[in-house]
Amino acid sequence: MSLKKRIIFIVNPISGTHSKETIPQLIEEKIDHSKYDYSIQRTQYAGHASQIAAEAARDGVDIVVAVGGDGTINEIGRALIHTRTAMGIIPCGSGNGLARHLNIPMIARKALDVINAGTVRTIDYGIIDGHPFFCTCGVGFDAFVSLKFSDSGKRGLLTYLENTLHESLTYQPETYEIENASGTARYKAFLIACANASQYGNNAYIAPQASLTDGMMDITVLEPFTVLDVPALSFQLFNRTLDQNSRIKTMREKKITIHRSQEGVFHFDGDPAQGGKDLEVEIIHQGLHVVAPLKGHNDTIPLNVLHHITEFIGMRPITSTIASKHRQLLKLNQHILRRLAKRG
């Protein structure tokens, strides 16, 4: 009888911005063959990853590895909650929020080293309106942009920023009520984010103090702001100090209900969905096993992301190469900022 653990790699060939053609060969080269018997399956349609993962859990497979982005991770994770099967991650998405929080390397070869080490942690997950999430969920502007982004033919940070800048011209903050065990509070908000992990992805820390293991969610309310607030908000989002901004209100809860005036979009791990006026959100403690380093989430600020942000908010670019490459987007941003200034 084999003492090796069974592991299945689920590859989403269309997620993210990176080609996955070399992944099978890399797995063959790097996987610890003395420890694992492995197989590779490719997804063929939306929801297929969940089906493969659920069957693997029923069959007693030890580890199911998500090779893709946060959407693929969500599909696989929701099939593995409250099972003995652990989820591994080879991050290949455009944001990779959960992998970054777990300190899983963004380079596939190094991510396989984490899988070979085989350290298993148990993390929390959340549910919004019946949809499990592992990083963040929410309503407002980020959900609206997620809907626009899902219809975009391109992926990646620049596409997301471009959509964000375009939509910021017309988006109007809404009034919400957040109900918890102590009562109800009313907010006019640009967005409300409920975070299990600390970030959306790309090291954009919407909830810098969030923990995957404390049984609580960190709720961030971004109140209406002016164009003059954009530089500080953008910088603080990426250097993990957003909670210090005066436009931000934070709270920590296990369960809330978000009340809004009409039905509309919300997002879970960046995927948009339509929901009713009342959305229940809660955290389930220790529901998913993951293969990840014991070390906490990465403290490194990604310079490439900061470069893009400083360009988009009108600061002087750090390198002429970046400014030249994205000149068209810089002009777009300048145009949008001028229009926002007139509105203000």
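Position numbers for residues count from 1 along each chain, tracking the sequence in the order it is written. At least 70 in pLDDT is required for a residue's local features to be given in this predicted model, at least 80 for side-chain atom pairs to be given and counted, and no such filter applies to totals for whole chains, interfaces and linings, which use all residues. Think of the side-chain values as coming from all heavy atoms in the structure, minus any hydrogens and water.

So, about the pattern of salt bridges. Here a salt bridge means any side-chain nitrogen of Lys or Arg lying within 4 Å of a carboxyl oxygen belonging to Asp or Glu. Following the criterion strictly, the structure yields six salt bridges and no others. Residues K30 and D113 are paired through a salt bridge, measuring 2.9 Å at the closest nitrogen-oxygen approach. In this pair, K30 sits in helix 1 (residues 23-30) while D113 sits in helix 5 (residues 108-117), placing the two residues 83 residues apart along the sequence. Three exposure classes are used, based on accessible area relative to the maximum for each residue type with a 1.4 Å probe and protein chains only: buried under 20%, partly exposed in between, and exposed over 50%. Under the relative-accessibility criterion, K30 is labelled partly exposed at 23%. In this structure, E177 and R186 form a salt bridge, with 3.2 Å as the shortest nitrogen-oxygen distance. By relative accessible area, which is 61% here, R186 ends up exposed. The helix and strand labels rest on DSSP assignments: H or I over at least four residues marks a helix, E over at least two residues marks a strand, and numbering proceeds from the N terminus.

With respect to the secondary-structure elements, N96 resides in the loop between strand 4 (86-91) and helix 4 (97-101). By relative accessible area, N96 is classed as buried at 4%.

What follows deals with unusual backbone geometry. We note that H82 has phi near 60°; this positive angle belongs to a residue other than glycine. Tracing the backbone shows H82 in the loop between helix 3 (70-80) and strand 4. Overall, the relative accessible area of 53% leaves H82 in the exposed class. Non-glycine residue D129 carries a positive phi angle of around 50°. Looking at the element boundaries, D129 is found in the loop between strand 5 (120-128) and strand 6 (131-133).

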